[in-house]
Amino acid sequence: MTRTSDTMVAHPKDIWHDKDPELLCDRQGWWQPRRVHRVDFGAYDDEDTKPHVIMTGDLLDRIIAAYQEFS
């Protein structure tokens, strides 16, 4: 699922997400459940890829629910 911080592309069903240093998101943004792109896990095994963290809690629950609604 994509996330954008571009205020011009927010849609009614997007999930608001404030900046979140724990998830390496330095600007407020929106998760967009209608834009899902599969990425092979191996793509993250690259020197140029930023570190990633595991998302948990309420935000993850809202993202999963939105994903299920649109899929």
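Computed from a predicted model, the values in this text were never measured in an experiment.

Rules and cut-offs
- Residues numbered from 1 in each chain as written.
- Predicted model: local features only at pLDDT ≥ 70, side-chain atom pairs only at ≥ 80, totals over all residues.
- Heavy atoms only, no water.
- Pairing = 2+ DSSP bridges.
- Helix = DSSP H or I, 4+ residues; strand = E, 2+ residues; numbered from the N terminus.
- Axes fitted to C-alpha atoms, helices over the stretch in contact; angles between N-to-C directions.
- Buried < 20%, exposed > 50% of the residue type's maximum accessible area, 1.4 Å probe, protein only.
- Contact = heavy atoms within 4.5 Å.
- Core = buried A, V, L, I, M, F, W, Y, C linked by side-chain atoms within 4.5 Å.
- Expected span 1.5 Å × (residues − 1).
- Arc of directions from axis to C-beta.
- Salt bridge = Lys/Arg side-chain N within 4 Å of Asp/Glu carboxyl O.

Asker: Account for the sheet that holds strand β1 (residues 2-4), naming residues and giving values.
Answerer: The antiparallel open sheet is built from three strands, whose spatial order is β1-β3-β2. Unpaired on one side and paired on the other, β1 and β2 (15-17) mark the two borders of the sheet. The mean inter-strand angle of the sheet, taken between neighbouring strand axes irrespective of direction, is 30 degrees. Two elements, β2 and strand β3 (residues 29-32), share three bridges in a ladder whose sense is antiparallel.

Asker: Please set out the pairing of β3 residue by residue, giving values where relevant.
Answerer: Covered by surrounding structure in β3 are Gly29 and Trp31 together with Trp30 and Gln32, the residues of both alternating faces. Bridge analysis of β1 against β3 gives three bridges, and the strand direction is antiparallel. Opposite Arg3, over in β3, you have Trp31 as the bridge partner.

Asker: How would you explain the environment of Trp16 if you had to name every residue and give the values?
Answerer: Mapped onto the fold, Trp16 is located in strand β2. For Trp16, a relative accessible area of 39% gives the class partly exposed. Distance from Trp16 to Trp31, taken between C-alpha atoms, is 6.7 Å for residues 15 residues apart in sequence. Look past the residues within four positions of Trp16 in its chain and what remains in contact with it is Gln28, Gly29, Trp30 and Arg62.

Asker: Would you mind going over the nonpolar core in detail, with residue names and values included?
Answerer: The biggest cluster of nonpolar side chains holds eight residues, and these are Ile15, Leu23, Cys25, Trp31, Met55, Leu59, Ile63 and Ala66. Per-element accounting of this core gives the leading share, three residues, to helix α1 (residues 57-70). In this structure Leu23 touches His17, Val53, Met55 and Leu59, once residues within four positions along its chain are discounted.

Asker: Account for α1, naming residues and giving values.
Answerer: Taking 1.5 Å per residue, 14 residues should reach 20 Å; α1 reaches 21 Å between its end C-alpha atoms and fits that length. Looking only at α1, the buried set comprises Leu59, Ile63 and Ala66. For α1, the buried positions fall inside an angular range of 65 degrees around the axis, keeping them on one side. Exposed residues lying more than 90 degrees from the buried face of α1 are Asp58, Gln68 and Glu69. Buried residues in α1 make contact with β2 and β3.

Asker: For the pattern of salt bridges, give the residues involved together with the corresponding values.
Answerer: All told, the structure shown has three salt bridges when counted by the stated rule. Ionic pairing is found between Arg34 and Asp14, a salt bridge with its closest N-O pair at 2.6 Å. With Arg34 in the loop between β3 and α1 and Asp14 in the loop between β1 and β2, this pair connects stretches of sequence that are 20 residues apart. What makes Arg34 partly exposed here is its relative accessible area of 34%. Measuring nitrogen to oxygen at the nearest pair gives 3.3 Å for the salt bridge that ties Asp58 to Arg62. In this pair, Asp58 and Arg62 both sit in helix α1, four residues apart, roughly one turn of the helix. With relative accessibility at 54%, the residue Asp58 sits in the exposed group. On the basis of relative accessible area, Arg62 is assigned to the partly exposed category, the value being 36%.

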